[in-house]
Amino acid sequence: MSMILSASVVRVRDGLPLSASTDYDQSTGMQECRKYFKMLSKKLSQLPDRCTLKTGQYNINFISSLGVSYMMLCTENYPSVLAFCFLDELQKEFITTYNMMKTNTAIRPYCFIEFDNFIQRTKQRYNNTRSLSTKMNLADMQTEIKLRPPYQISVSELGSANGFSHVSVGEYKGTGKISAAPHQRLEPVTLPGIVSFVLSLLCGALNLIRGFHAIESLLQNEGEDFSYVIAFFLGTAACLYQCYLFVYYTGWRNAKSFLTFGLICLCNMYLYELRNLWQLFFHVTVGAFSTLQIRLRQPQGKSPDYNV
């Protein structure tokens, strides 16, 4: 029979159990799964926000959000879409009931054990799928899981000496390998951010136009310096790359933005003979402003909404 057996709420940073369902099954398989629960709790900060561990006839699924992880144990044939809908329901109720200050300052295990009442009620509903009230929303979760499947943790990875350090964080792309970065969502765009984006495009366009004019001048006068053309086009590329860094999350994003700003400064220093002080000031200031906005627009700390 497919069913949810137990669930728990754990703090991500140190694995402190905050709440758990009271299950009384003392079988060998359940005892082994409890060991896996403890091992996973110690590694939550190294894992993506949605994972599955298959342990023979049982599966352990969990999601993490705002420093708290929601874990559940179910039989191997329990539908994955129902499992993650169950976890998402626990997450929403826990966030509504307890504020982050309480969860961050908790010092003793199971200090929110009263949350077990909600866990038990929700578990009973999800174990009776015929009367499940959230059935109409399962299609949305199914689509979400297809687009970004949970990372499949192997038992051998749990037992490795270095944990998950041998798995590259850049490998997970929603197909069973770890990579939070490609799917990391940035904070909402602000008005200063939009202004910096538009100004960077403007600077890039100005550099591109001057670059073509420099090519025309070079063709008409053989004595012209071709390095000016290179400087203009490098400036264009740097401005456009700043726009890209503002819109998309990449690895070493802040470092890349500072290097790009440095390239903008170098190009304008080289072009000081062709531009007046106001033009140089405008290009460098826009580059600095865009770099600041890239630095301020950080990844969101919240896990994706599962639309349940």
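Just so it is clear, the model here is predicted, and its values are computed rather than measured. (Residues numbered from 1 in each chain as written. Predicted model: local features only at pLDDT ≥ 70, side-chain atom pairs only at ≥ 80, totals over all residues. Heavy atoms only, no water.)

## Notes on a nonpolar patch on the surface
And then number 1: Nonpolar side chains collect at one region of the surface, where Val189, Leu191, Ile194, Val195 and Val198 lie side by side and expose about 430 Å² of accessible area between them.
And then number 2: Positionally, isoleucine 194 belongs in helix H7 (residues 191–220). (Patch = residues over 30% accessible without salt bridge, like charges linked within 9 Å, V, L, I, M, F, W, Y side chains within 5 Å. Areas by Shrake-Rupley, 256 points an atom, 1.4 Å probe, with all protein chains shown as cover. Salt bridge = Lys/Arg side-chain N within 4 Å of Asp/Glu carboxyl O. Helix = DSSP H or I, 4+ residues; strand = E, 2+ residues; numbered from the N terminus.)

## Thoughts on the pattern of salt bridges
Any two side chains of opposite charge can pair, given that their charged atoms come close.
And then number 1: Following the criterion strictly, the structure yields three salt bridges and no others.
And then number 2: A salt bridge links aspartate 14 to arginine 11, with the nearest nitrogen and oxygen atoms 2.7 Å apart.
And then number 3: Using a relative accessible area of 42% as the deciding quantity, one classes aspartate 14 as partly exposed.
And then number 4: Ionic pairing is found between arginine 125 and glutamate 89, a salt bridge with its closest N-O pair at 2.0 Å. Within this pair, whereas arginine 125 is found in helix H4 (residues 116–127), its partner glutamate 89 is found in helix H2 (residues 80–97), the two being separated by 36 residues in sequence.
And then number 5: Taking the relative accessible area as the measure of exposure, glutamate 89 reaches 19% and is therefore buried. (Buried < 20%, exposed > 50% of the residue type's maximum accessible area, 1.4 Å probe, protein only.)

## Things to note about the packing of aromatic side chains
And then number 1: Scanning the model with the defined rule gives 14 aromatic pairs in all.
And then number 2: On the basis of an interplanar angle of 35° and a centroid distance of 5.5 Å, the ring pair of phenylalanine 115 and phenylalanine 118 is categorised as tilted.
And then number 3: Members of the aromatic cluster, joined through ring pairs, are Tyr70, Phe94, Tyr98, Phe112, Phe115 and Phe118.
And then number 4: Above the face of the phenylalanine 84 ring, arginine 50 is positioned so that its terminal group lies 5.8 Å from the ring centre.
And then number 5: Of note, arginine 297 hangs over the ring of phenylalanine 246, and the distance from its end group to the ring centre comes to 5.2 Å. (Phe/Tyr/Trp six-rings, centres within 6.5 Å; stacked < 30°, edge-to-face > 60°. Lys NZ or Arg CZ within 6 Å of the ring centre and 35° of its normal.)

## Considerations on the UniProt feature "transmembrane region" (unreviewed entry) in the chain
And then number 1: Following the UniProt record, the feature "transmembrane region" (unreviewed entry) maps to residues 189–209, 229–248 and 255–272 here.
And then number 2: Summarising residues 189–209: 90% helix, 0% strand, and an end-to-end C-alpha distance of 29 Å. (UniProt positions renumbered as here; feature names shortened; annotations may be inferred.)

## Examining the state of the cysteines
And then number 1: Overall, the coordinates contain zero disulfides when judged by the stated rule.
And then number 2: The closest cysteine sulfur to the non-disulfide-bonded cysteine 265 is located on cysteine 267, 9.4 Å from its own sulfur. (Disulfide = S-S within 2.5 Å.)

## A word on empty space enclosed by the protein
And then number 1: In the structure shown here, the tally under the stated rule is two cavities of 30 Å³ or more.
And then number 2: Taken as a whole, the largest cavity encloses approximately 60 Å³ of empty space.
And then number 3: Lining of the largest cavity is provided by Asn207, Ala231, Gly235, Cys239, Ile264, Cys267, Asn268, Leu271, Arg275 and His283.
And then number 4: A per-class count over the lining of the largest cavity returns five nonpolar, four polar and one charged.
And then number 5: Considered as a void within the structure, the second largest cavity measures approximately 30 Å³ in volume.
And then number 6: When contributions to the lining of the second largest cavity are tallied by element, the ones reaching two or more residues are H7, helix H8 (227–247) and helix H10 (277–296).
And then number 7: When grouped by side-chain class, the residues that make up the lining of the second largest cavity number four nonpolar, five polar and no charged. (1 Å grid on protein atoms, 1.4 Å probe; cavity = no way out; pocket = protein on both sides within 12 Å on 5 of 7 lines; lining within 4 Å. Points joined across faces, edges and corners; volume = space filled by probe spheres on them. Nonpolar A, V, L, I, M, F, W, Y, C, P; charged D, E, K, R; others polar.)

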